[in-house]
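A structural walkthrough
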Amino acid sequence: MNKAINQLVHESSVGVVRALLDAVADAVVIIDSQACILAVNRAAEQVFGYAASEMVGNNVKMLMPETDARLHDGYIKAYQQSGLPKVLGRGRDVFGLRKNGEVFPMHLSLGEGDLDGDHVYVGVCHDISARVALQQRAAHLAAYDRLTGCLNRDAFFHQLSQFTGSGKYPMLGLLYVDLTGFKQVNDQFGHRVGDQVLAAFAARLKGLFNEDGVLLGRVGGDEFVVLLPQVASRFDLNEHASRLAAAINEPLVYDAFHVMVDCKMGCALYPEDAETAETLLHHADLAMYRAKAQTTTRWVHYDPEFAREAARRSLLMQRLRTARVGSELDFVYQLKTDLVTQKPVGMEALMRWVDPLLGAVSPVEFIPVAESSGLIGNWTFSMLVRACQAVQSLREKGTLDVPVSINISAHQFFAPGFTRQVIDALAATGLPGSRLDLELTESVLVNDFGRARSIMAALKVEGLTFSLDDFGTGFSSLGSLNGLEFDYLKIDKSFTDGVTGAPEQKAIVDMILALAKAMKIRTVAEGIETAAQAKALAAMGCDQGQGYYFARPVQVDALAGQVKASLAAKG
């Protein structure tokens, strides 16, 4: 080693000490009270990149970056003045400086001793570069989404909280982005392509929003958020949303696949729309869902009414969870009439809810909540039994023997065991399958056309019929009529209203009727309110009508009187 080591121990122990120091895997550096290096071991030469001869005799600060060097002087001076050690006897993480100029993290432990009346200090240095790199990698994985490289939900929220709590930004803009059509990408091309689409979309976000301070996060499967600290107004945020909408118009190409996705966005401003990170994220989310419900716009700005509506939905969901079928939840029935004979030929079971706290709640309000929450699936069997019992009771009394139609949601129709529930409801009530009609909308069918066809075929074996509801108001396609064996096509009230109006409105109904006739599907016009509408539809070839002109929805016990009155009025 050198003379300094020889002075530290008895002459007979020098060889042992030298061997001991050189056997230590960590770097050992010994300095005097003036911070001059007295001795080093071989590991120190390897760690710092200097030969021992280059280090011995020089100030130990040569092994430290500037910041740590300044701190070192302070520690030595404070110890010499006060005698109170700040770092002796304990380990701490610092930075070292190699000969090639590289700064690296190391763990330093210090001890002291006497040598001929002078203090010497022994530093044991352990290179922790690998550990720090591993910690940084773990921190990155904990904060960032692996697939897209965006912040994950927790990390985004943490940083958003820092932005809103700093007082540094007079205004922040948040875009909550949902990729529409992404499920179809996964279904059509597979999850590998789906993952590539997500990664490509994230790359576009990064290229589009590369300003300082912008945060990008992935907060759901196909949901992203963009925090913009440089917005000055609602107009600015609107411009950013417009840029994003334009950027996603370009198709994504993978192998031979040309993938198109779109997006819906919710926009919110801090502090105008929310005063905390949590409410800002929530309000942007509410705005995004409002945008998803609209077909004419790709982004919506938050409005306080959204929060009130969300609170109302939450209350409805809470109350629906305890609603009892047969008392609070029940059906009323509306007759369907043959437009030529003017006689009842069917009825539709319409769900109604009377809550002890809220009173009567419109089905327009509560059914979407029940469907989106999955609660409606809990009622499927009991409601089927309820409707079948009502119709079978009318048949047994000789009051009326016509089919009953029941609206079925996608959640109910595709639920495991739905076919079995229908068959069991018929068996439990004794109602023939020919007296049960299930009404489906095309929005149900687009979820899984193949499964829909299979379920319908299995129930047709039992004698059931099917009606296509709301034709022409949403996803209308000839494929739904051609590929699935519907028995009835229901013409929405919005079209019925036009049959006595302008010729172009009547022409739409003419086309629907012609299409149904060509495909041998019977037609039912909804929402008939006047004699003129009923007469016009009959002349146009519509088979059946339903609406207030013929009969209002009533409880099953009132149907007998309604049927008698209807038959008497029509002769």
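Predicted model, so just to flag it, every value in this text is computed and none were measured.

Here the focus is the overall build of the chain. When you go through the chain residue by residue, the secondary structure sums to 23 helices and 21 strands. Counting the 571 residues in the chain, one finds 45% classified as buried. Once local pairs closer than 6 in sequence are excluded, the contacts in the chain between residues at least 24 apart make up 62%. Summing over all exposed atoms, the chain offers an accessible surface of approximately 27,900 Å²; the carbon and sulfur share of this is 53%.

Turning to the packing of aromatic side chains, a few remarks are in order. Counted by the stated rule, this structure contains nine aromatic pairs. Ring geometry for Phe 413 versus Phe 414: centroids 5.2 Å apart, planes at 80°, classification edge-to-face. An aromatic cluster of three or more residues is present, and its members are Phe 413, Phe 414 and Phe 418. Sitting above the plane of the Phe 104 ring, Arg 98 keeps its charged end 3.8 Å from the centroid. The residue whose ring lies beneath Arg 552 is Tyr 548, and the NZ or CZ to ring-centre distance is 3.9 Å.

On to helix α10 (residues 234–247). For α10, which comprises 14 residues, the first-to-last C-alpha distance of 20 Å matches the rise-based estimate of 20 Å (1.5 Å per residue) to within 8%. Those residues of α10 not exposed but buried are Leu 237, His 240, Ala 241, Leu 244 and Ala 245. Projected down its long axis, α10 shows its buried positions confined to an angular sector of 140°, all on one face. Looking at the buried positions of α10, the neighbouring elements they touch are β6 (172–180), α9 (191–208), β8 (223–228), β11 (262–270) and β12 (299–301). Its side-chain oxygen at 3.3 Å from the backbone nitrogen of Phe 235, Ser 233 defines the N-terminal cap of α10.

The next subject is the confidence of the model for the chain. Mean pLDDT over the chain: 86, with 89% of residues reaching 70 or higher. No element of the chain has a lower mean pLDDT than helix α1 (residues 3–8), which averages 51, and none a higher one than helix α16 (residues 418–429), which averages 97.

What follows is about the side chain of Glu 439. By secondary structure assignment, the location of Glu 439 is in strand β17 (residues 436–441). In this structure Glu 439 comes out as buried when scored by relative accessible area, which is 1%. Only 2.8 Å separates the side chain of Glu 439 from the side chain of Lys 490, close enough to count as a polar contact. Residues contacting Glu 439, with those up to four places away along its chain left out, are Lys 336, Glu 348, Ser 405, Ile 406, Asn 407, Ile 408, Ser 467, Asp 469 and Lys 490.

Right, let's talk about the pairing of strand β3 (residues 91–97) for a bit. Relative to strand β4 (residues 103–115), β3 runs antiparallel, the two sharing seven bridges. Looking at β4, one finds that Leu 97 is bridged to Val 103. Here β3 hands over to β4 after five residues, with Gly 101 in that stretch at a positive phi of 90°.

For Gly 101, the location among the structural elements is in the loop between β3 and β4. Judged by relative accessible area, Gly 101 falls into the partly exposed class, the value being 47%. Spatially, the C-alpha atoms of Gly 101 and Phe 48 are 9.7 Å apart, while their sequence positions differ by 53 residues.

Below, the discussion takes up unusual backbone geometry. Between Tyr 270 and Pro 271 the backbone carries a cis peptide bond, its omega angle lying at 0°. Among the secondary structure elements, Pro 271 is positioned in the loop between β11 and α11 (277–292). Of note, the phi angle at Ala 35 is positive, near 70°, even though the residue is not glycine. Secondary-structure assignment places Ala 35 in the loop between β1 (27–32) and β2 (37–40).

Where helix α7 (residues 153–166) meets α11, the axes come as close as 8 Å, and the angle between the chain directions of the two elements is 120°. By the angle between their directions, the pair α7 and α11 is classed as oblique. Residue-level contacts link Arg 153, Phe 156, Phe 157, Leu 160, Ser 161 and Thr 164 of α7 to Ala 277, Glu 278, Leu 280 and Leu 281 of α11. Looking at the contact of α7 with α11 residue by residue, the class counts come to six nonpolar, two polar and two charged.

With that settled, the discussion passes to the pairing of strand β16 (residues 404–407). On a regular strand, each side chain points to the face opposite its neighbour's, so the side chains alternate between the two faces of the sheet. As judged from the three bridges shared by strand β14 (residues 344–355) and β16, these two strands associate in the parallel manner. Residue Met 347 lies in a different strand from β16, and its bridge partner there is Val 404.

Further remarks concern the sheet that holds β2. Across the sheet, five strands lie side by side as β2-β1-β5-β4-β3; this open sheet has antiparallel pairing. What marks the edges here is a single partner per strand, and that holds for β2 and β3. Strand-to-strand twist across the sheet, computed as the mean angle between neighbouring axes with direction ignored, equals 35°. Of the pairings in the sheet, the one linking β1 to strand β5 (residues 118–127) comprises six bridges and is antiparallel in character. Each bridged residue has a counterpart across the sheet, and for Ile 30 the counterpart in β5 is Val 122.

Okay, α7 next. Relative to the 20 Å expected for 14 residues at 1.5 Å per residue, α7 spans 20 Å between its end C-alpha atoms, a close match to the ideal helical length. Taken together, the buried positions of α7 are occupied by Ala 155, Phe 156, Leu 160, Phe 163 and Thr 164. Taken down its axis, α7 places every buried residue within 165° of arc, on the same side. Residues of α7 that are exposed and point more than 90 degrees away from the buried face comprise Asp 154 and Gly 165. Against α6 (129–143), β6, β7 (215–218), β8, β11 and α11 lie the buried residues of α7. One side-chain oxygen at the N-terminal end of α7 lies 3.3 Å from the backbone nitrogen of Asp 154; it belongs to Asn 152. Count one or two residues on from α7 and you reach Gly 167, which has phi positive near 75°.

Conventions we followed
- Residues numbered from 1 in each chain as written.
- Predicted model: local features only at pLDDT ≥ 70, side-chain atom pairs only at ≥ 80, totals over all residues.
- Heavy atoms only, no water.
- Helix = DSSP H or I, 4+ residues; strand = E, 2+ residues; numbered from the N terminus.
- Buried < 20%, exposed > 50% of the residue type's maximum accessible area, 1.4 Å probe, protein only.
- Contact = heavy atoms within 4.5 Å.
- Areas by Shrake-Rupley, 256 points an atom, 1.4 Å probe, with all protein chains shown as cover.
- Phe/Tyr/Trp six-rings, centres within 6.5 Å; stacked < 30°, edge-to-face > 60°.
- Lys NZ or Arg CZ within 6 Å of the ring centre and 35° of its normal.
- Expected span 1.5 Å × (residues − 1).
- Arc of directions from axis to C-beta.
- Polar contact = N/O pair within 3.5 Å; in protein donor to acceptor, adjacent residues only side chain to side chain.
- pLDDT = per-residue confidence, 0-100.
- Pairing = 2+ DSSP bridges.
- Axes fitted to C-alpha atoms, helices over the stretch in contact; angles between N-to-C directions.
- Parallel < 35°, antiparallel > 145°, perpendicular 65-115°, else oblique.
- Nonpolar A, V, L, I, M, F, W, Y, C, P; charged D, E, K, R; others polar.

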